[in-house]
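Structural overview for review
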Amino acid sequence: MKTDKDTLIPTEALVQELRRGTVVMAAMTQLYEPQYGYSLLKRLADKGFEVDQGTLYPMLRRLEGNGLLESDWIVEGSRPRRYYKLSPLGKETLASLTKEWQALVAVLNQLILEEEIK
Amino acid sequence: MKLIDRYVNEVGDILPDETRKDIENEIRSLIEDRLMDRCEEEGAAEPTEEMVKEILAEMGPPEKTAKGYLPEVYLIGPRYFFIFKKVMTIVAVAQLIAVAVLFIVRLVMESASTGLTAAVTVGVLLETLAILGQGLVTSFAIVVLIFAAIEWSQRKMDVQLKFWTPQTLNEPAPEKISRVGKIFEIIFILLALTVFNIYPEWVGISNQVNGEWRHLPVLTENFWRFLPLLNIAWSASLVLAMYLSVRGIWEPWSKWLDIGIKIFEMVILFFLISSGPLVGVPPQGWNELGWGQEAIAALQNNVFPITNISIQVGLGVALVVSGVEVLRRIFKMTRGVPIIEIKP
């Protein structure tokens, strides 16, 4: 039989779930200029958005597979690096996502504010 | 830097061939970037073995790194898993019932011919259990195969869902039964019951000897021992077909009964396929026809083996087609969409 204890979700898991949906958008905002994986990881971390590399790298490949990113291997010195940047479709998609995000934030802020006033 | 090579190789071993090289290069590039960063942080000119170990430890086991790159592929995905479980349960129960009936029939036949002793009973029981075990394993494989095929084709169809519009919705079909189809079914069942039970010699080779017709049955014991089960399935189908042809519409119980009978027939089909040659004549049987040795040898060595393989392939195809049909019906019934019967 299911108990209340079984259905409890730790706060950490909820926070992770909340952040998971935003990683794609966060990464895309930084890819107007070409970035290789590690530079993107550091850039996001420097701006306060920590992403696990195990999440970021496969995600970049998936976004490329969906046509939202383009990539090129560039050899710098003796080391090849894969640089990712937004494709034209990626730029359009990011613009739509940004609008959606802003509307979502506005609604959520409103909802939270209403509850606080009560 | 051998550790890096080993790590990258272990990640690559888990990845699909088509993307392996590319991802390996990407992971190597990431490790090297992190090493350079670590060197800068610690003011070292060259990365050390310790730094490599630290970074690899931070990245975690190769399996974890590879996991993110692996596509989500299921043999049977969450969409069909519960239907699969339901079907597997029905198939297992049907097999259990069929084997129980077979066990009783065999006991009755043994007691009529040689008498029923403890040794004979145990022998029949062990043989029946072996059939059940083999049947369960094979039916599991067949059901998995059918569901895997459905899962695969559904993934292809999902692509088409992108172009879905409300206009593509089907108009619900009336759940009427084709009476003509049912009458044909009744005729075929009566024919099968008559031929196999009253005139078994008709299923064989016929020849005129001195103006007199001689019949040589060619179906083997492997077939005849399943006749009682076939009779049960055919009788059930006959009664249902007669009821449906009068009633004219499907009802939930008749649909489920129809599915049950079909599964029962599939179990018998499976037993027939796995029981060995279904066509053959014992050496002394040929005397009836008065044929020459060459003709008999040609039949025994060439025609019968090919016929047996063809029959088994045909029955196998029928089993798979029936399986798909049963699943389609169960799927539609559990989704509440009416079954559309194809009129002859």
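Worth saying up front: this structure is predicted, and the values here are computed from it rather than measured. (Residues numbered from 1 in each chain as written. Chains lettered and ligands numbered in written order. Predicted model: local features only at pLDDT ≥ 70, side-chain atom pairs only at ≥ 80, totals over all residues. Heavy atoms only, no water.)

A word on the overall build of chain A. On a plain count of helices and strands, chain A comes out with five helices and three strands. Listing the helices and strands of chain A from first to last along the sequence gives α-α-β-α-α-β-β-α. Here the C-alpha radius of gyration of chain A, 18 Å, is well above what a compact globule of 118 residues would show, namely 13 Å. Projected onto its principal axes, the C-alpha coordinates of chain A cover approximately 60 × 35 × 25 Å. Here chain A holds 118 residues, and 32% of them are scored as buried. Across chain A, contacts joining residues at least 24 apart in sequence account for 42% of those joining residues at least 6 apart. Of the roughly 8,200 Å² that chain A leaves accessible, carbon and sulfur atoms contribute 57%. (Helix = DSSP H or I, 4+ residues; strand = E, 2+ residues; numbered from the N terminus. Rg over C-alpha atoms; globule rule 2.2 N^0.38 Å. Buried < 20%, exposed > 50% of the residue type's maximum accessible area, 1.4 Å probe, protein only. Contact = heavy atoms within 4.5 Å. Areas by Shrake-Rupley, 256 points an atom, 1.4 Å probe, with all protein chains shown as cover.)

All names here are of chain A. As defined by bridge partners, strand β2 (residues 69–76) adjoins strand β3 (residues 79–86) across eight bridges and the pair is classed as antiparallel. In the sheet register, Val75 faces β3, and the bridge partner there is Pro80. Hairpin connection between β2 and β3: a loop of two residues separates the two successive antiparallel strands, and Gly77 in this loop has a positive phi of roughly 70°. (Pairing = 2+ DSSP bridges.)

So, about the confidence of the model for chain A. Mean pLDDT for chain A: 88, with 92% of residues reaching 70 or above. Confidence drops under a pLDDT of 50 for residues 1–5 of chain A, and excluding neighbours within four residues, the segment shows two contacts in the predicted structure. (pLDDT = per-residue confidence, 0-100.)

Let's shift gears to the environment of Pro10 of chain A. Inspection of the secondary structure assignment puts Pro10 of chain A in the loop between α1 (4–7) and α2 (11–29). Taking C-alpha positions, Pro10 of chain A is 25 Å from Trp101 of chain A, a pair spaced 91 residues apart along the chain.

Moving on: the nonpolar core. All names here are of chain B. Counting 59 residues, the largest nonpolar core has Val87, Phe147, Trp234, Ile268, Phe271 and Trp286 as its most contacted members. Elements supplying a minimum of two residues to this core: α5 (78–113), α6 (118–160), α7 (179–197), α9 (227–247), α10 (252–274) and α11 (293–335). For this core, the two domains that each supply at least three residues are domain 2 (77–169) and domain 3 (173–344). Excluding its chain neighbours within four sequence positions, the residues that come into contact with Phe147 are Leu75, Ile76, Tyr80, Ile83, Phe84, Val87 and Leu327. (Core = buried A, V, L, I, M, F, W, Y, C linked by side-chain atoms within 4.5 Å. Domains from an automatic or database assignment.)

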